[in-house]
Amino acid sequence: MRNPKPKEWTAEKFSKGKIADYKPFNFVDGDGVRCSIYVSGCPFACKGCYNKIVQNFNYGVDYTDELEERILNDLAQPYVQGLTLLGGEPFLNTQVLNRLVAKVRERFGDTKDIWSWSGYYWEELLQETDDKLWLLNHIDVLVDGRFELDKLDLNLRFRGSSNQRIIDVKKSLAQGEMVLWLDGKYDDI
């Protein structure tokens, strides 16, 4: 596993604008019915990563206007709660995701929530580049932190290891301190 210094890794340096997958109308990538976009590339290289193939920034297909319009049309369905950004590492694919998130906010305002998973910790993202901070400021929920195989816990909701947190981004930014979205245990539901 790798631990970058602030601003060491940039989307400009790493991203190839590739999408590993798009999954509309799923129930596993956050709360409610979601449309999930999986970006390609992740240099964290966590041991036991469940999606190792998408660590390669060249994996997948190019992000296109057609895919973007399909995602926006899928999100327009009244039963869809929101968009989920996964990967790979979303915060190293901001050329693609900032564009998509801007259009989601323009078209839907806050009626659709946006979740993101990231290998970055909350505290690390707050010290990052402007493009990463823009993305962070436009999402609702962040599942942060590198996956740690020795902290694997199958009873956690929306997380793989106990070091990861589910963060209410808007409340955290408004209060100036991290606020958890929920404890994240299935028995708390």
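Quick caveat: nothing in here was measured; it's all calculated off a predicted structure.

Following both chains from N to C, one finds helix α2 (residues 65-75) and helix α3 (residues 94-108) inclined at 35°, their axes separated by 11 Å at the closest point. Viewed along their axes, α2 and α3 form a crossing whose handedness is right-handed. Contacts from D65, E68, E69, I71, L72, N73 and L75 of α2 reach α3 at R99, L100, K103, V104, R107 and F108. Of the residues in the contact of α2 with α3, the class split is 6 nonpolar, 1 polar and 6 charged.

We now examine the side chain of N26. Checked against the element boundaries, N26 lands in strand β1 (residues 18-26). Separated by 3.1 Å, the side chain of N26 and the backbone nitrogen of V28 make a polar contact.

The next thing to look at is the sheet that holds strand β4 (residues 82-86). With respect to topology, 7 strands assemble into an open sheet ordered β3-β1-β2-β4-β5-β6-β7, the strand pairing being mixed. Strands with a single pairing partner mark the edges of an open sheet, and in this sheet they are β3 (61-62) and β7 (165-168). As paired strands, β1 and β3 are joined by 2 bridges and run antiparallel to one another. Bridging across to β3, K18 finds its partner in D62. Along the sheet face, α3 touches β1, β2 (34-39), β4 and β5 (113-117) and points at about 170° away from the line of β4.

Side chains of L149, L152 and L154 sit close together on the surface and give an oily, nonpolar patch of about 320 Å² of accessible area. Structurally, the position occupied by L149 is in the loop between β6 (141-144) and β7. Residue L149 is classed as partly exposed on the basis of its relative accessible area, which comes to 39%.

The tendency in soluble globular proteins is for nonpolar side chains to be buried as a group. By size, the foremost hydrophobic cluster in this structure holds 39 residues, and its most contacted members are I37, L83, L85, I139 and L142. Mapped onto this core, the elements with two or more residues apiece are β1, β2, α2, β4, α3, α4 (122-125) and α5 (130-137). With 6 residues, α3 is the largest single contributor of residues to this core. Apart from residues no more than four positions distant in its own chain, L142 is found in contact with F91, S116, S118, W122, L125, L136, R165, I166, I167 and V169. If you look at the next biggest cluster of nonpolar residues, it comprises 10 residues, including A20, Y38, V54 and V141.

Looking at the protein chain, the pLDDT average stands at 94 and 96% of residues meet or exceed 70. For the stretch residues 184-189, pLDDT sits under 50, and the model shows 14 contacts to residues farther than four places along the chain or on other chains.

This paragraph deals with the packing of α3 against α5. Axes are the key here: two packed helices are described by the angle between their axes and the distance separating the axes. Across the interface, α3 lies against α5 with an axial gap of 10 Å and an inter-helix angle of 35°. By crossing handedness, the relation of α3 to α5 is classed as left-handed. The segment α3 lies against α5, with T94, L97, N98, V101 and A102 engaging D131, K132, W134 and L135. Across the contact of α3 with α5, the residue classes break down as 5 nonpolar, 2 polar and 2 charged.

If you walk through the whole model with that rule in mind, you get 0 disulfides. With no disulfide partner, C46 has as its closest neighbouring cysteine sulfur the one in C42, 6.1 Å distant.

Definitions and limits used
Residues numbered from 1 in each chain as written. Predicted model: local features only at pLDDT ≥ 70, side-chain atom pairs only at ≥ 80, totals over all residues. Heavy atoms only, no water. Axes fitted to C-alpha atoms, helices over the stretch in contact; angles between N-to-C directions. Helix = DSSP H or I, 4+ residues; strand = E, 2+ residues; numbered from the N terminus. Left-handed = near helix turned anticlockwise from the far one by under 90°. Contact = heavy atoms within 4.5 Å. Nonpolar A, V, L, I, M, F, W, Y, C, P; charged D, E, K, R; others polar. Polar contact = N/O pair within 3.5 Å; in protein donor to acceptor, adjacent residues only side chain to side chain. Pairing = 2+ DSSP bridges. Patch = residues over 30% accessible without salt bridge, like charges linked within 9 Å, V, L, I, M, F, W, Y side chains within 5 Å. Areas by Shrake-Rupley, 256 points an atom, 1.4 Å probe, with all protein chains shown as cover. Salt bridge = Lys/Arg side-chain N within 4 Å of Asp/Glu carboxyl O. Buried < 20%, exposed > 50% of the residue type's maximum accessible area, 1.4 Å probe, protein only. Core = buried A, V, L, I, M, F, W, Y, C linked by side-chain atoms within 4.5 Å. pLDDT = per-residue confidence, 0-100. Disulfide = S-S within 2.5 Å.

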